[in-house]
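# Geometric and topological summary
Okay, here's what each chain looks like letter by letter:
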Amino acid sequence: VNTRKHPLGIPPPSEKDWPEDEEDFFLLDPDRERDALPQPFGMINKLVMQVFEGAMEIIERREMLQKAQKLKVQPKKCFPTAEFQVTERANCLAVSGKYVFVGLSEGLAAFNTSDFKDACAWDAAKTEICAIHALDLGKECHVLLAVDEMGLVWLFCFHKQSFLLVKILNEVEDISQRSTCVEEVLSRGGDYAGILLQGNTKAWLEIYQLPKDSWLTEMQKHAGAAEGLACSERRSGCLSEVQNSTFLLQELPVSAIQADVELDLPVLLLTVRPPKPITGTSFKGPLDALKEVDDDSMLGLGYNHLIKDSQWELQEAIFCSTYQEYLEAGGVTKEEIPRHATFHFLLPSRILMGPEMEVQPDIPVGIGVHWDGNHNFCLYLLNPSPKGKADSDLVPDVVWPCAAPIACSAVSSCSRYLALAGEDATITIWDKHLGYPLSVTAILEERFIRSIHFL
């Protein structure tokens, strides 16, 4: 038996045990030991770590999105309480009072939202309705502007569940002279209607005065006749109700114009045409130009100037020679007469009201118009004074010039504030009552403002 007489001792360290190639081996990161693996194993380790780190980033990102989604207010889901299914294709709709008017591939349809049972239709012309504007006139009377696929504007008066056709506003006998409607607007209260028309080579704006007071009086006289007209041909199988409150419109009672119900026609007040391009002067001197200015307090459209055609040509030649390389790169666009406009009905204000005008605060007294690519916002009174030649274009009563072409515009509900957005991405808010700007906001230059609204 071999027995140890003395306890086992730990031998002291010696310099022989130190590695010769790495003197600072005790400072190395343990993770770096994986770098010493052979090349295939090291590459696999790196790929696995990259996949793992990418998966962790995706998991963290999704967790953050879930937490942010929980903090948001969840929108309330609303389900329809009733449905109307029509056999024709529905193109557009408008709501006025308790009625919903739907433009179909053949005619119009009206639905009563109070009981979801009564409905009537109009399809006398077998035309497709593409746009509708409706407004409640009171006393169960509504005015409608409907545009068909040919661009014709149909003016209806809806009363006691009956469509009464008043007039086709842009109907002409010669089909080659027919114009198409691209925009229609009803003023608040239903006193005026405006339609923007386009012909083959030109465009213009027509403003009509609607005799709504005479319409309401006539409807009251023939209230009983209108009720009988709406329901005389109603069939028992017109609407079939199912358990989920869904109604099928199969054959609606078609209303027609009763012979003894004659409504007054709308009156054409204004015909506004786009401004013509500015050309050389035809005046011989300054006095001739001053004679054409009716009021020296109003800014005009720039036609009464003393610049000759030779001066315009010289200026254009200098401009083209200076910026020839930019014009060749972008292409030269010839100035054309604009074919689209934006217009608003305006309530009374200091700018549009004369000292002796008697107006009502809730009835429009004028319109504001700006044409595409034009710098001027023009204001016209709805009762213009009979000045100027009968065959000449209508002259605006107030011209609101801007530094850049106007891209879009908006008017507040009180008609006091005017917002103009230029093609240079600058929005200016004007106080139309006092006539000075309230604020100017510049957006990024690469942005183009297409629409603007007051909230």
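An unreviewed UniProt entry lists the protein under the name WDR93 protein, with Edolisoma coerulescens as the source organism.

### What about the environment of Lys 202?
By the element assignment, Lys 202 lies in the loop between strand E11 (192-198) and strand E12 (203-209). C-alpha separation for the pair Lys 202 and Ser 179, spaced 23 residues apart in sequence, amounts to 9.4 Å.

### Comments concerning the sheet that holds strand E9 (residues 163-168)
With respect to topology, 4 strands assemble into an open sheet ordered E6-E7-E8-E9, the strand pairing being antiparallel. The open sheet has two edge strands with one neighbour each: strand E6 (129-138) and E9. Each neighbouring strand pair of the sheet contributes to a mean axis angle of 25°, computed without reference to strand direction. Here strand E7 (residues 141-148) pairs with strand E8 (residues 153-159) via 7 bridges, running antiparallel. By the bridge assignment for E8, Ala 146 is matched with Trp 154.

### What to know about the state of the cysteines
All told, the structure shown has 0 disulfides when counted by the stated rule. Cysteine Cys 141 shares no disulfide, and the gap to the nearest cysteine sulfur, in Cys 157, comes to 3.2 Å.

### Brief notes about the pairing of E12
Working note: regular strand, side chains alternate between the two faces of the sheet. Burial of E12 is extensive: 6 of the 7 residues sit out of reach of the surface. Looking at chain direction, E11 and E12 are connected through 7 bridges and run antiparallel. Across the sheet, the residue bridging to Gly 194 is Ile 207, located in E12. Between the antiparallel neighbours E11 and E12 lie 4 residues.

### Here we look at the pattern of salt bridges
Applying the stated rule across the entire model yields 5 salt bridges. The salt bridge involving Glu 128 is made with Arg 89; its shortest N-O contact spans 2.5 Å. A residue pair is termed long-range when its members are at least 10 positions apart, and Glu 128 in the loop between strand E5 (119-122) and E6 and Arg 89 in the loop between strand E1 (83-86) and strand E2 (90-96) qualify at 39 residues. For Glu 140, the salt bridge identified is with Lys 160, shortest N-O distance 3.1 Å. Pair noted here: Glu 140 is in the loop between E6 and E7 and Lys 160 is in the loop between E8 and E9, with a separation of 20 residues, a long-range link. The exposure class assigned to Glu 140 is partly exposed, which follows from its relative accessible area of 39%.

### Let's talk about the side chain of Glu 206
Note on placement: Glu 206 falls in strand E12. This buried residue, Glu 206, is left without a salt bridge; Arg 273 holds the nearest opposite charge, at 6.9 Å. Engagement of the side chain of Glu 206 in a polar contact is seen with the side chain of Tyr 208, the distance being 2.6 Å. Excluding residues within four positions of it along the chain, Glu 206 makes contact with Ala 193, Gly 194, Ile 195, Leu 197, Leu 268, Leu 270 and Thr 271.

### Focus: unusual backbone geometry
At Lys 126, a residue that is not glycine, the phi angle is positive and equals roughly 55°. Relative to the assigned elements, Lys 126 resides in the loop between E5 and E6. Even without glycine at this site, Glu 140 takes up a positive phi of about 60°.

### Let's talk about the confidence of the model for the protein
Residues at a pLDDT of 70 or more form 74% of the protein, whose mean pLDDT is 78. Contacts of residues 228-259 to residues separated by more than four positions or lying in other chains number 72 contacts, the stretch itself having pLDDT below 50.

### Details of the pairing of strand E18 (residues 376-381)
The buried count for E18 comes to 6 of 6 residues, which makes it a mostly enclosed element. Alternating residues of E18 divide into Asn 376, Cys 378 and Tyr 380 and Phe 377, Leu 379 and Leu 381, and every residue in both groups is buried. Pairing geometry for strand E17 (residues 366-371) and E18, over 4 bridges, is antiparallel. Counterpart to Gly 368 in the pairing with E18 is Leu 379. If you look at the hairpin formed by E17 and E18, you'll find 4 residues sitting between the two strands, and Gly 373 has a positive phi there, around 80°. The sheet contact formed by E18 and strand E19 (residues 398-401) spans 4 bridges and is antiparallel.

### Topic: a negative patch on the surface
A cluster of acidic side chains, namely Glu 53, Glu 57, Glu 60 and Glu 63, defines a negative patch on the protein surface. Tracing the chain through its elements places Glu 63 in helix H1 (residues 39-71).

What counts as what
Residues numbered from 1 in each chain as written. Predicted model: local features only at pLDDT ≥ 70, side-chain atom pairs only at ≥ 80, totals over all residues. Heavy atoms only, no water. Helix = DSSP H or I, 4+ residues; strand = E, 2+ residues; numbered from the N terminus. Pairing = 2+ DSSP bridges. Axes fitted to C-alpha atoms, helices over the stretch in contact; angles between N-to-C directions. Disulfide = S-S within 2.5 Å. Buried < 20%, exposed > 50% of the residue type's maximum accessible area, 1.4 Å probe, protein only. Salt bridge = Lys/Arg side-chain N within 4 Å of Asp/Glu carboxyl O. Lys, Arg positive; Asp, Glu negative; His and termini not counted. Polar contact = N/O pair within 3.5 Å; in protein donor to acceptor, adjacent residues only side chain to side chain. Contact = heavy atoms within 4.5 Å. pLDDT = per-residue confidence, 0-100. Patch = residues over 30% accessible without salt bridge, like charges linked within 9 Å, V, L, I, M, F, W, Y side chains within 5 Å. Areas by Shrake-Rupley, 256 points an atom, 1.4 Å probe, with all protein chains shown as cover. Charge placed at Lys NZ, Arg CZ, Asp CG, Glu CD.

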